[in-house]
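Remarks on the overall topology
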Amino acid sequence: MGSSLPRPGRADDLELTAPGWDRSAAIAAVDALHSQGTPVEAVHVVRTICGQAEYVLQQWHFERAPGESDGMAGEHSRNLAEEFIEAFTDPGDGTVTYVLFTTDESGRLHRAA
């Protein structure tokens with residue numbers, strides 16, 4: 001991919017000024033993007049305080065295997081993104097949200113709406 005992920009840090013430094021989704025909504029968004037043929041390229045786990053994204057706790061980035069077809073890469077990305085989201089210890093109190101990223105034609109990461 002043409003873009004690397006920023007290092008974990010303050011959310012305003014990473015253009016994550018709005019919080020992401022809770023766990024169940026993030027998994028539903030991964031599935032929705034997959035059904036549209038859009039693979040999830042990255043997930044940021046964001047610490048959210050009083051409804052504001054504060055900083056990135058952890059991140060995951062999809063790496064396509066050499067020779068992997070688009071269809072296989074999409075399925076692979078979906079499975080790994082869901083596993084990453086489900087594996088993060090989430091207190092379920094709204095202080096942890098998940099921000100999904102996709103890429104454009106030039107390979108630049110963009111936050112999934």
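All residue numbers refer to positions counted from 1 along the written sequence of the respective chain. A pLDDT threshold of at least 70 governs which residues receive local features in this predicted model, and a stricter bar of 80 or more applies before side-chain atom pairs are shown or counted, although totals over entire chains, interfaces and linings include all residues. In computing side-chain properties, one takes all heavy atoms of the structure into account and sets aside hydrogens as well as water.

1. Observations regarding the overall build of the protein
A run of H or I in DSSP becomes a helix once it reaches four residues, and a run of E becomes a strand once it reaches two; helices and strands are each numbered from the N terminus. For the protein, the helix and strand inventory stands at two helices and four strands. Secondary structure elements of the protein, listed N to C terminal, follow the sequence α-β-β-α-β-β. A burial count over the protein gives 35% of its 113 residues as buried. Relative to all contacts within the protein whose residues are 6 or more apart in sequence, the contacts with residues 24 or more apart total 66%. The Shrake-Rupley method, run with a 1.4 Å probe, gives the accessible areas here. Residue values count only the displayed protein chains as cover. Accessible surface for the protein amounts to roughly 6,400 Å². Of this, 50% is attributable to carbon and sulfur atoms. Summary of the burial criterion: residues with accessible area below 20% of their type's maximum are buried, those above 50% are exposed, and those between are partly exposed, where the area comes from a 1.4 Å probe applied to protein chains only. The contact rule is simple, with two residues in contact once any of their heavy atoms fall within 4.5 Å.

2. A few points about the packing of helix 1 (residues 23-35) against helix 2 (residues 70-87)
Across the interface, helix 1 lies against helix 2 with an axial gap of 10 Å and an inter-helix angle of 180 degrees. Classified by the interaxial angle, the pair formed by helix 1 and helix 2 is roughly antiparallel. For the pair formed by helix 1 and helix 2, the contact residues are Arg23, Ala26, Ile27, Val30, Asp31 and His34 on the first element and Gly74, Glu75, Arg78, Ala81, Glu82, Ile85 and Glu86 on the second. Ten residue types, Ala, Val, Leu, Ile, Met, Phe, Trp, Tyr, Cys and Pro, are classed as nonpolar, four, Asp, Glu, Lys and Arg, as charged, and the remainder, Gly among them, as polar. When its residues are assigned to classes, the contact of helix 1 with helix 2 shows five nonpolar, two polar and six charged. For helices, the axis comes from a line fit to the C-alpha atoms of the stretch in contact; other axes are also lines fit to C-alpha atoms, and the angle between any two N-to-C directions lies between 0 and 180 degrees. Roughly parallel refers to an angle under 35 degrees, roughly antiparallel to one over 145, roughly perpendicular to one between 65 and 115, and oblique to any angle outside these ranges.

3. Quick look at the packing of aromatic side chains
Only centres within 6.5 Å qualify two rings of Phe, Tyr or Trp (six-membered ring in Trp) as a pair; their planes then separate them into stacked at under 30 degrees, edge-to-face at over 60, and tilted for everything else. Enumeration over the complete set of coordinates arrives at two aromatic pairs. When the centroid spacing of 6.3 Å and the interplanar angle of 45 degrees are considered together, the rings of Trp60 and Phe62 count as tilted. Assessed through its relative accessible area of 2%, Phe62 is described here as buried. Taken together, the ring pairs in this structure connect Trp60, Phe62 and Phe84 into an aromatic cluster.

4. Observations concerning helix 1
To estimate how far a helix should extend, the number of its residues minus one is multiplied by 1.5 Å. The terminal C-alpha atoms of helix 1 lie 19 Å apart, and with 13 residues this matches the ideal 18 Å at 1.5 Å per residue to within 8%. Looking at the buried residues of helix 1, the elements they touch are helix 2 and strand 3 (96-103). Downstream of helix 1 by a residue or two, Gly37 has a phi angle that is positive, lying close to 80 degrees.

5. A closer look at the confidence of the model for the protein
Each residue carries a pLDDT score, the predictor's confidence in it, ranging from 0 to 100. Summing up the model confidence of the protein, the mean pLDDT is 84 and the portion of residues at 70 or higher is 83%. For the protein, the element scoring lowest by mean pLDDT is strand 4 (residues 109-111), at 87; helix 1 scores highest, at 95. Every residue in residues 1-8 is under pLDDT 50, and counting partners more than four places away or in other chains gives 21 contacts.

6. Considering helix 2
In a regular helix each residue adds 1.5 Å, so 18 residues correspond to 26 Å; helix 2 covers 25 Å between its end C-alpha atoms and thus fits that length. Residues Ala73, Gly74, Ser77, Ala81, Glu82, Phe84 and Ile85 constitute the buried set of helix 2. Projection of helix 2 onto a plane perpendicular to its axis shows the buried side chains occupying an angular sector of 160 degrees, all on one side. Away from its buried face by more than 90 degrees, helix 2 exposes Gly71, Met72 and Ala87. Contact partners of the buried residues in helix 2: helix 1, strand 1 (42-49), strand 2 (52-61) and strand 3. The arc refers to the directions leading from the helix axis to the C-beta atoms.

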